[in-house]
Protein chains: 2
Amino acid sequence: MAREISPEAENLPPGAIEKVVIHRVTSDSKETAEDIIVREFPLTILLNGQELVTLLCSPADLKYLAIGFLYSEGLLQSKENIKRVIVDETKGVVRVETKGIELADTDAVFKRLITPGCGRGASFYSAADTGLEKVESSLTVSGTEIFDLMKTFQHRSLIFRTTGGVHSAALCDNRNTLIFSEDIGRHNAIDKIFGQCLDRNISTNDRIILTSGRVSSEIIVKVARRQVPLLVSKSAPTSSGVKLAQELGITLIGFVRGTRMNVYTHDQRVTV
Amino acid sequence: MAREISPEAENLPPGAIEKVVIHRVTSDSKETAEDIIVREFPLTILLNGQELVTLLCSPADLKYLAIGFLYSEGLLQSKENIKRVIVDETKGVVRVETKGIELADTDAVFKRLITPGCGRGASFYSAADTGLEKVESSLTVSGTEIFDLMKTFQHRSLIFRTTGGVHSAALCDNRNTLIFSEDIGRHNAIDKIFGQCLDRNISTNDRIILTSGRVSSEIIVKVARRQVPLLVSKSAPTSSGVKLAQELGITLIGFVRGTRMNVYTHDQRVTV
């Protein structure tokens, strides 16, 4: 690829990228060049002193990722459950201590943790299985508002523009991006958003989540848990994603490209 | 998106897709339309009678996916370890019985299974951790051969062209695609290839793996385990992907676009 290293790369968070020497090859040439690649960082989460999981992630917002992950897994229910969070960036460890929440034993937690993998998990196949409440919201958005939000969203992804290697997610209202995150994993990018919401008491009611990634059942479950009524993806949904969004009262929009998009479920929230 | 349902969709494997009624929205219109989405299928693997994991996958080549997954996890070492494989497509269950291989207890297996998640796993950060041998191969390929293979690869992805929702992978020699697979998960698509290789005694030595997905450390570990010397991606690698490829003797090529590509490691196998 004829990608040049852009001056923007200088503004990236420290540690988000690495410079490497590569060979650029075409049909009739082979030249050394410098390239930028996205960093893959192992983050181990210790819950109440016990090693729980190691996530492969982008090394930013580690506290938010840890909190968001535990929340998505049902291991935290509110900010009040968090006693202390200690981030050790050098060792790649986040220690979370909780209170006021009954945790299952380690084995059960581990079995549950297989769930959120990307095409690697036992997920939920009906709204009843999830134990989640249907999202109630009278939010409406216009097509134009969604197209504008997605345009801003795509312009904002600095690491993607530089490396081509990350997913992004954002929490928005009808006009503004409230929180933005990037990560090598599409699940992580959304967990970072929700972790920040929990930590900073930012409401997700009547708001919109944007994602660059495909929408499978696990993504819908995360969004439903935070009672977000509208999920917008640049990309495709799966059949279980559409089924769960329908059952859980979420408006699912996919394939937003320029001024066209597909509304898969609960289109009453989308006006022209 | 103005995507029409193509006549090609009629040739897709049964169950790979679903038709849904959606709303197509533009800046000034909202119309109902029929759309095709990719099916998300839960496949539970029982190993010697014990429930091991449920993978979210595309419902094709389930036997190969189960075998490939167990191989990638080190729970199978060769075809001789497979006593019996029974696929129940209706229930979404594959029962695999093994022989001649020492398996760790369930807890250890579960802990290990957290590994392969997409950005959800404790993976390997140096070649020494993987316990894998460096890939030795005198294979060379020309830029033109790679560009031709990738062109065929991209044309072949029928489900992607129809739904935009899957990843693909292929095993190739310098000129031909030997095995091709598609799945909603980029890990699954590669496991399906290697499962088929194991089951049908197809050698992976001196061969090439093509993938549509990003290359993180887990993908390199899968490829190294099968001693494949060359991995080619349409997309970006991560820093750990590049580091492991370097250490494990794998030529890693990314961003193949038309007649340009980036060679990240072991460029001696790429000629002009």
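Going by the structure above, here's the rest.
The following refers to the structure shown. Note that the structure is a prediction, hence the values are computed from the model and not measured.

This part is about the overall build of chain A. Helix and strand content of chain A: 8 helices and 14 strands. Sequence-distant contacts, at least 24 apart, represent 52% of the contacts inside chain A between residues at least 6 apart. Summing over all exposed atoms, chain A offers an accessible surface of approximately 10,500 Å²; the carbon and sulfur share of this is 45%.

It is worth spelling out unusual backbone geometry at this point. With phi around 50°, A:Phe255 is a residue other than glycine that occupies positive phi space. Turning to its location among the elements, A:Phe255 is positioned in strand β12 (residues 251-257). The backbone of B:His266 sits at a positive phi, close to 45°, despite the residue not being glycine. With respect to the helices and strands, B:His266 occurs in the loop between β13 (260-263) and β14 (270-271).

Here we come to the sheet that holds strand β11 (residues 230-233) of chain B. The 8 strands are arranged β2(A)-β1(A)-β13(B)-β12(B)-β11(B)-β10(B)-β8(B)-β9(B) in an open sheet whose pairing can be described as mixed. Sheet topology places β2 (30-38) of chain A together with β9 (177-183) of chain B at the edges, where each strand pairs with a single neighbour. Strand-to-strand twist in this sheet, taken as the mean axis angle between neighbours without regard to direction, amounts to 25°. Alignment of strand β8 (residues 167-172) of chain B against β9(B), held across 6 bridges, turns out to be antiparallel. In the sheet register, B:Cys172 faces β9(B), and the bridge partner there is B:Thr177.

Of all hydrophobic cores here, the largest spans 34 residues; its most connected members are A:Ile193, A:Ile220, A:Leu231, A:Leu248, A:Ile250, A:Leu252 and A:Tyr264. Breaking this core down by element, the ones donating at least two residues are β8 (167-172), α6 (186-199), α7 (217-225), α8 (239-247) and β12 of chain A together with β1 (17-26) and β2 (30-38) of chain B. Formed by 33 residues, the second largest nonpolar core is a distinct cluster that contains B:Ala127, B:Ile190, B:Phe194 and B:Leu248.

Let us now look at the pattern of salt bridges. Close approach of charged atoms allows side chains with opposite charge to pair. Residues and elements named next belong to chain B. Evaluation of the coordinates by the stated rule reveals 18 salt bridges over all chains. Here Glu-145 and Arg-175 are joined by a salt bridge, their closest N and O atoms 3.9 Å apart. Of this pair, Glu-145 sits in helix α4 (residues 143-156) while Arg-175 sits in the loop between β8 and β9, and the two are 30 residues apart along the sequence. On the basis of relative accessible area, Glu-145 is assigned to the buried category, the value being 18%. What makes Arg-175 exposed here is its relative accessible area of 68%. The salt bridge partner of Lys-243 is Glu-247, with a shortest N-O separation of 3.4 Å. One end of the pair is Lys-243 and the other is Glu-247, both in helix α8 (residues 239-247) and 4 residues apart, which spans about a single turn.

A word on helix α1 (residues 62-72) of chain B. Residue and element names in this part refer to chain B. In terms of residue burial, α1 counts as a mostly covered element, since 10 of its 11 residues are buried. Within the span of α1, buried status applies to Leu-62, Tyr-64, Leu-65, Ala-66, Ile-67, Gly-68, Phe-69, Leu-70, Tyr-71 and Ser-72. Of the residues flanking the end of α1, it is Gly-74, one or two places downstream, whose phi is positive at about 75°.

Turning to the side chain of A:Ser239, a few remarks are in order. One can find A:Ser239 in helix α8. At 2.8 Å, the side chain of A:Ser239 and the backbone nitrogen of B:Glu40 are in polar contact. Discounting residues that sit within four places of it in the chain, A:Ser239 has contacts with B:Glu18, B:Ile37, B:Val38, B:Arg39 and B:Glu40.

With that settled, the discussion passes to the side chain of A:Thr204. Residues and elements named next belong to chain A. Assignment of secondary structure puts Thr-204 in the loop between α6 and β10 (208-211). By relative accessible area, which is 3% here, Thr-204 ends up buried. Polar side-chain contacts of Thr-204 include one of 2.7 Å to the backbone oxygen of Arg-226. Contact partners of Thr-204, with chain neighbours within four places excluded, come to Leu-171, Phe-194, Cys-197, Arg-226, Gln-227, Val-228 and Pro-229.

Okay, the packing of α7(A) against α8(A) next. All names here are of chain A. For the pair α7 and α8, the least separation of the axes is 7 Å and the interaxial angle reads 25°. By the angle between their directions, the pair α7 and α8 is classed as roughly parallel. Residues Ser-217, Ile-220 and Val-221 of α7 pack against Ser-240, Gly-241, Leu-244 and Ala-245 of α8.

In this section: the sheet that holds strand β5 (residues 82-88) of chain B. Residues and elements named next belong to chain B. If you trace the 4 strands from one edge of the open sheet to the other, you get β4-β3-β6-β5, paired in mixed fashion. Single-partner strands in this sheet number two, and they are β4 (50-57) and β5. This sheet shows a mean twist of 20° between the axes of neighbouring strands, independent of strand direction. As judged from the 4 bridges shared by strand β3 (residues 41-47) and strand β6 (residues 93-98), these two strands associate in the parallel manner. Its bridge partner being in β6, Ile-45 is matched across the sheet by Val-94.

What counts and what doesn't
- Residues numbered from 1 in each chain as written.
- Chains lettered and ligands numbered in written order.
- Predicted model: local features only at pLDDT ≥ 70, side-chain atom pairs only at ≥ 80, totals over all residues.
- Heavy atoms only, no water.
- Helix = DSSP H or I, 4+ residues; strand = E, 2+ residues; numbered from the N terminus.
- Contact = heavy atoms within 4.5 Å.
- Areas by Shrake-Rupley, 256 points an atom, 1.4 Å probe, with all protein chains shown as cover.
- Pairing = 2+ DSSP bridges.
- Axes fitted to C-alpha atoms, helices over the stretch in contact; angles between N-to-C directions.
- Core = buried A, V, L, I, M, F, W, Y, C linked by side-chain atoms within 4.5 Å.
- Buried < 20%, exposed > 50% of the residue type's maximum accessible area, 1.4 Å probe, protein only.
- Salt bridge = Lys/Arg side-chain N within 4 Å of Asp/Glu carboxyl O.
- Polar contact = N/O pair within 3.5 Å; in protein donor to acceptor, adjacent residues only side chain to side chain.
- Parallel < 35°, antiparallel > 145°, perpendicular 65-115°, else oblique.

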